[in-house]
Amino acid sequence: MGAGQSSWQRSPLSQKRLTQDSVELYCEAIGNPIPEIQWWFEGNEPNETYAQLWDGARQDRVKINATYNLHSTSTIYIANLTSDDSGMYECRASNDPDRNHLSKSPKVKWIRSQANVFVIERPEVKSSMDNASVNRILSCNMSEPSSAIEGHKWLLGDKIVKEDTESSTSTSYTIEGKVEEHSGIYQCVYNTNPVIKGEIFVEVPPQVMAYKKSEHGNEGDTGVLTCKNPSFPAVTSWNWYKKGQEVSPIVNGSGRYIIKSSGNKTELRILKLNIEEDTGDYHCNATNSQGSGGATVNLRVRSRLAALWPFLGIVAEVLVLVTIIFIYEKRRKPDEVLDGKRCLGLKGRPSNL
């Protein structure tokens, strides 16, 4: 496989990463026959030479995935980086039959592509939360930044809640309003190369909400009541109660009840609804590491004939209208009828003039 018979796609030539981060390098080769791809590494020590990397190397932190279909592609992924992972990573490709022979020299040289990975010691980011004031203040302070700071960001999940271009090693964000409405995982992001982040967990008891405060169902059908918790941290356990029976929670699979709970959502299904037994208020209760909270859902069960009432109402209106017209026609005066006939008769006579 000569240079004119192959093409390459590769990762950037130089990448910076922090300790405990991960890095992924990509390599692609085209040739006929399809070439084999290998990964090699040379560290930064003076006397260190290239050594081949295998899937599962470095205490299983190295993962290599290769596919050979029309052309060759390979990726190497290294997790939980340390300073010893800094160095030159080389992707080699060859389709010479003797490429791996111990005594024979291959006729075609290995084609090589390199990427240099710099692993920088992660600076310490101290994060804190001030609960003394009315509004909670989140703060981050970084010691010994590895590169120039070109600004900061504060994120709640994927949403940017604050952004600036200051070069300070400290940054803060104020949560205004009820903290129960702003719980979650906050990140302070330093715009450095590479980017450095810190995390602050704002935790509150469950703020449970009913999907619908009132649910309706027909007798004999399945009723579905749903509750959810939009706050952080996630719910660890859910319970359902019917009003007046708080002493004994509803057990999943007992009688006509089926409960499905996953994380911050729970669902109570009641099979074959009964007007007398199932109508009423149901309470969903959630518990997490910060406490508990709940909400109430009202269930109304209607008779199966309830759907016919609108139709029966229309029929009744039509019957009343027909009855009124019939009575009116019966009670019309005979003179009105005769006058009508005389008028018709006069119109039909020829003129004598």
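Structure first, text after, so check above.
Now for a quick tour of the structure. (Residues numbered from 1 in each chain as written. Predicted model: local features only at pLDDT ≥ 70, side-chain atom pairs only at ≥ 80, totals over all residues. Heavy atoms only, no water.)

### Description of the state of the cysteines
Linking two cysteines covalently via their sulfur atoms produces the bond known as a disulfide. Here the structure, examined in full by the defined rule, presents 3 disulfides. Each disulfide pairs two cysteine sulfurs, and for Cys-27 the partner residue is Cys-91, the sulfurs being separated by 2.1 Å. Taking the sign of the S-S torsion, about -95° here, the bridge from Cys-27 to Cys-91 comes out left-handed. Residue Cys-27 is located in strand S3 (residues 23–29), and its partner Cys-91 is located in strand S8 (residues 87–94); the two are separated by 64 residues in the primary sequence. Cys-27 sits in the buried class, given a relative accessible area of 0%. A relative accessible area of 2% places Cys-91 in the buried class. Between the sulfur atoms of Cys-140 and its disulfide partner Cys-188 the distance amounts to 2.1 Å. Its torsion about the S-S bond being -85°, the disulfide of Cys-140 and Cys-188 is classed as left-handed. A residue pair is termed long-range when its members are at least 10 positions apart, and Cys-140 in strand S11 (residues 136–142) and Cys-188 in strand S15 (residues 184–190) qualify at 48 residues. (Disulfide = S-S within 2.5 Å. Helix = DSSP H or I, 4+ residues; strand = E, 2+ residues; numbered from the N terminus. Buried < 20%, exposed > 50% of the residue type's maximum accessible area, 1.4 Å probe, protein only.)

### Re the environment of Thr-279
For Thr-279, the location among the structural elements is in the loop between helix H2 (275–278) and strand S23 (280–288). When the C-alpha positions of Thr-279 and Val-301 are compared, they lie 5.7 Å apart, and in sequence the two are 22 residues distant. Ignoring anything within four residues of it in the chain, the contact list for Thr-279 reads Lys-242, Asn-274, Leu-299, Arg-300 and Val-301. In this structure the side chain of Thr-279 is engaged in a polar contact, spanning 2.8 Å, whose partner is the backbone oxygen of Ile-275. (Contact = heavy atoms within 4.5 Å. Polar contact = N/O pair within 3.5 Å; in protein donor to acceptor, adjacent residues only side chain to side chain.)

### Focus on the sheet that holds S8
Within the open sheet, the 5 strands sit side by side as S2-S9-S8-S4-S5. Their pairing is mixed. The strands lining the two open edges of the sheet, one partner per strand, are strand S2 (14–18) and strand S5 (51–53). Across the sheet, the mean angle separating the axes of adjacent strands is 30° when strand polarity is ignored. Of the strand pairs in this sheet, S2 and strand S9 (residues 111–120) are connected by 5 bridges, and their pairing is parallel. Its bridge partner being in S9, Arg-17 is matched across the sheet by Val-119. (Pairing = 2+ DSSP bridges. Axes fitted to C-alpha atoms, helices over the stretch in contact; angles between N-to-C directions.)

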